[in-house]
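This is what each chain is made of:
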Amino acid sequence: RPLRRLQPVCHPRLRAWLSGWDRWRAEAEDFLEIGDYVVVLATYHGRGKGSGIEITQEGAHVFKLRDGKVVRLEIFASRERAIESVRAAPGVAKP
């Protein structure tokens, strides 16, 4: 059976935000499994379209899973806030 090529999906708000950058990438550094969530600790690298200024910023992506599929994605500029939001979520065992 031939492999089906997947098309990337980009929310219109994210696409609008990315339009201000000449270059933008997220580099995953670690993956934390917390209940039905996966927190991806990342470092973002980019260069502003108008300014040409290079930036490096730590952050996190929080994926909520249900039945092995992603049902929600949140992006945080603060790794600590990302982890706190997952630990405060209903149904997540408290440490």
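Provided above is the structure to which this section pertains.
Throughout what follows, the structure given in this document is the object of discussion.

Analysis parameters
- Residues numbered from 1 in each chain as written.
- Predicted model: local features only at pLDDT ≥ 70, side-chain atom pairs only at ≥ 80, totals over all residues.
- Heavy atoms only, no water.
- Pairing = 2+ DSSP bridges.
- Helix = DSSP H or I, 4+ residues; strand = E, 2+ residues; numbered from the N terminus.
- Axes fitted to C-alpha atoms, helices over the stretch in contact; angles between N-to-C directions.
- Contact = heavy atoms within 4.5 Å.
- Salt bridge = Lys/Arg side-chain N within 4 Å of Asp/Glu carboxyl O.
- Buried < 20%, exposed > 50% of the residue type's maximum accessible area, 1.4 Å probe, protein only.

Strand order in the open sheet formed by 4 strands is 1-2-3-4, with antiparallel pairing between adjacent strands. Each edge of the sheet is formed by a strand with only one pairing partner; in this case those strands are strand 1 (21–34) and strand 4 (69–76). Going from strand to strand, the sheet's axes swing by 25° on average, the running direction of each strand aside. Sheet topology places strand 1 next to strand 2 (residues 37–48); 12 bridges connect them, and they run antiparallel. Each bridged residue has a counterpart across the sheet, and for tryptophan 24 the counterpart in strand 2 is glycine 46. Across the sheet, helix 2 (residues 79–87) is in contact with strand 1, strand 2, strand 3 (54–66) and strand 4; its angle to strand 2 comes to roughly 155°.

Time to look at the side chain of threonine 43. Note on placement: threonine 43 falls in strand 2. Apart from the residues within four sequence positions on either side, threonine 43 is in contact with Arg25, Ala26, Glu27, Glu29, Thr56, Gln57, Glu58 and Arg79.

Taken as a whole, this structure holds 7 salt bridges when the rule is applied. In this structure, glutamate 29 and arginine 79 form a salt bridge, with 2.8 Å as the shortest nitrogen-oxygen distance. Of this pair, glutamate 29 sits in strand 1 while arginine 79 is found in helix 2, placing the two residues 50 residues apart along the sequence. For arginine 47, the salt bridge identified is with glutamate 54, shortest N-O distance 3.5 Å. By relative accessible area, which is 30% here, arginine 47 ends up partly exposed. A residue is classified by how much of its surface remains accessible, and glutamate 54, at 47% relative accessible area, is partly exposed. Beyond isolated ion pairs, a larger network of salt bridges with shared partners links Asp22, Arg23, Arg47 and Glu54.

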